[in-house]
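# Coordinates in review
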Amino acid sequence: MAQLAYHISTGQKLWDYEVHQGTVLYLALEDDYQRLQERMFRMFGVEGTPNLHFAVYAKQLGNGLDEQLERFLQEHPDTRLIIIDTLQKVRELGGEAYSYADDYQIVGRLKQFSDKHGVCMMVVHHTRKTSAGDKFEMISGTTGLLGCADGAFVLRKEKRTDNTAVLDVVGRDQPDQSIYLTKDEERLLWCFDHADRELWKEKPDALLEAISKIITKDNPMWQGSASDLISALGAEMQPNTLTKRLNVRAGKLLNAYGIGYDNTHGRNGSRITLKLTEPTM
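This text gives an overview of the structure that appears in the document. (Residues numbered from 1 in each chain as written. Predicted model: local features only at pLDDT ≥ 70, side-chain atom pairs only at ≥ 80, totals over all residues. Heavy atoms only, no water.)

A few words on the pattern of salt bridges. Per the stated rule, a full pass over the model turns up 12 salt bridges. Each member of the salt-bridge network shares a partner with another, and the members are Asp31, Asp32, Arg35 and Arg39. (Salt bridge = Lys/Arg side-chain N within 4 Å of Asp/Glu carboxyl O.)

With parallel pairing, the four strands of this open sheet are ordered in space as 2-1-3-4. A strand with exactly one partner marks an edge of an open sheet, and here the two such strands are strand 2 (52–55) and strand 4 (120–124). For this sheet the average axis-to-axis angle between neighbouring strands, irrespective of direction, equals 15°. Of the pairings in the sheet, the one linking strand 3 (residues 79–85) to strand 4 comprises five bridges and is parallel in character. (Pairing = 2+ DSSP bridges. Helix = DSSP H or I, 4+ residues; strand = E, 2+ residues; numbered from the N terminus. Axes fitted to C-alpha atoms, helices over the stretch in contact; angles between N-to-C directions.)

All right, on to the environment of Ile272 then. The residue Ile272 is located in strand 11 (residues 269–276) in this model. Residue Ile272 is classed as buried on the basis of its relative accessible area, which comes to 0%. As for Ile272 and Asp228, which are separated by 44 residues in sequence, their C-alpha atoms are 9.3 Å apart. Once you skip the residues sitting within four places of it in the chain, Ile272 turns out to touch Trp222, Gln223, Gly224, Ser225, Ala226, Leu229, Thr243, Leu246, Tyr261, Asp262 and Asn263. (Buried < 20%, exposed > 50% of the residue type's maximum accessible area, 1.4 Å probe, protein only. Contact = heavy atoms within 4.5 Å.)

To continue, consider the packing of aromatic side chains. Overall, the coordinates contain three aromatic pairs when judged by the stated rule. Relative to Phe192, the ring of Tyr17 has its centre 6.3 Å away and its plane inclined at 85°; by these criteria the two rings are edge-to-face. Remark: Phe192 occurs in strand 8 (residues 189–197) and Tyr17 occurs in the loop between helix 1 (2–10) and strand 1 (23–28); sequence separation between them is 175 residues. Owing to a relative accessible area of 23%, Tyr17 belongs among the partly exposed residues under this scheme. Considering the side-chain rings of Tyr26 and Phe54, the 5.7 Å spacing of their centres and the 50° angle between planes classify their relative orientation as tilted. With a gap of 28 residues between them, Tyr26 in strand 1 and Phe54 in strand 2 connect regions that are remote in the sequence. (Phe/Tyr/Trp six-rings, centres within 6.5 Å; stacked < 30°, edge-to-face > 60°.)

This next bit is on the sheet that holds strand 10 (residues 259–266). Judged by pairing direction, the sheet is antiparallel, and its three strands sit side by side in the order 9-11-10 without closing on themselves. A strand with exactly one partner marks an edge of an open sheet, and here the two such strands are strand 9 (221–224) and strand 10. Going across the sheet, the axis of each strand differs from the next one's by a mean of 10°, ignoring polarity. Two strands pair when backbone bridges link them, and strand 9 and strand 11 are joined in this way by four bridges, in the antiparallel orientation.

In this structure, Leu27, Leu65, Leu69, Ile82, Ile84 and Met121 are the most contacted members of the largest nonpolar core, which totals 22 residues. Listed by contribution, the elements that provide at least two residues to this core are strand 1, helix 3 (65–75), strand 3, helix 4 (100–117) and helix 5 (144–148). In terms of nonpolar packing, the next biggest core, distinct from the first, is built from 19 residues, Ala5, Ile8, Leu14 and Ile83 among them. (Core = buried A, V, L, I, M, F, W, Y, C linked by side-chain atoms within 4.5 Å.)

With that settled, consider the environment of His265. Inspection of the secondary structure puts His265 in strand 10. Judged by relative accessible area, His265 falls into the partly exposed class, the value being 41%. Note: C-alpha distance between His265 and Tyr100 (165 residues apart in sequence) is 7.8 Å. Apart from the residues lying within four places of it in its own chain, the contact partners of His265 are Tyr100, Ala101 and Ser270.

Rendered as C-alpha cells:
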C-alpha cells in the first residue's frame with residue numbers, strides 16, 4: 001500500500017502502468033508514524049512526499065469517519081486515492097461474525113462516498129488462511145464484500161517466506177489479470193516480473209456458459225435463490241460459492257454474454273435476478 005500511495009502521490013509509473021497523479025490519504029491504522037517513516041526511507045530514500053498524507057488513527061464509519069474524510073477532501077480537492085488499512089479498524093463494533101447484509105452495507109457506504117466525491121477508495125482486508133478453488137473466495141467474510149465493490153485485488157504467496165507473489169485483479173472496469181511480482185528484500189519493494197491478462201487467454205467460464213444457455217431471447221429473465229439457480233443449471237456447488245463467483249464475474253457475464261446480474265438480500269434470504277440486456281461490448 002505504501003508503494004502504491006507513493007507512486008500516485010508523485011506521478012511516477014508503477015511497474016509498467018501509468019498513474020494519475022494526485023493527493024493520497026493513507027489510513028495506516030495498524031502502524032505508527034515512526035515505522036511508516038522508516039519504511040518510506042528504506043523504500044524510496046524519503047520519509048514522505050508533500051502529496052502523501054498518513055494517519056494512524058481514524059474514527060469508525062458512521063461514527064465520525066465520514067466527517068473526517070469530508071474535511072480532508074475539502075482541504076485537498078485534488079485527492080485521487082484514499083487507502084483504508086484495514087477494514088476491520090473502521091467498521092462499527094458488532095462482534096466478530098458479520099452477515100451478508102453487514103458486509104454489503106459497509107462496502108456500499110464506502111463506495112457511495114467514493115462515487116459522491118469522485119475518488120478511488122482502496123480498502124485492505126484480510127484473507128483466510130486456507131486455500132480455495134477460486135482465489136477470490138480466500139477473502140475473509142461473506143460474498144457481500146465483493147458484491148458491492150467495483151473490483152478486488154488478492155496478493156498471494158505460496159509460502160510466507162517466499163519473495164515472489166501473484167497479484168490477481170478482477171473488476172467491472174478493467175481486464176482480469178494476474179501480475180507476477182518479486183520482492184526486493186533490501187528496499188521492501190514489489191518489483192514487476194510479468195503479467196497474464198486472463199481476458200485474452202482464459203478458457204470459457206463453465207458457470208457463465210451454463211447461465212447463457214438458460215437466459216435467452218425466449219427466456220430473458222430468471223429469478224430465484226442461489227439453490228434454485230444451482231438446480232436450474234444442474235451444477236454441483238454450494239450456494240455461497242455460486243454467489244461469490246457471480247459477484248466476481250458479474251462484469252464478464254454482462255460484457256461477454258449480455259446478461260445482467262443482481263443479488264438482493266432480504267429477511268427471507270438472497271434473491272438472484274438474471275436478465276438479458278444488450279451486450280456492452
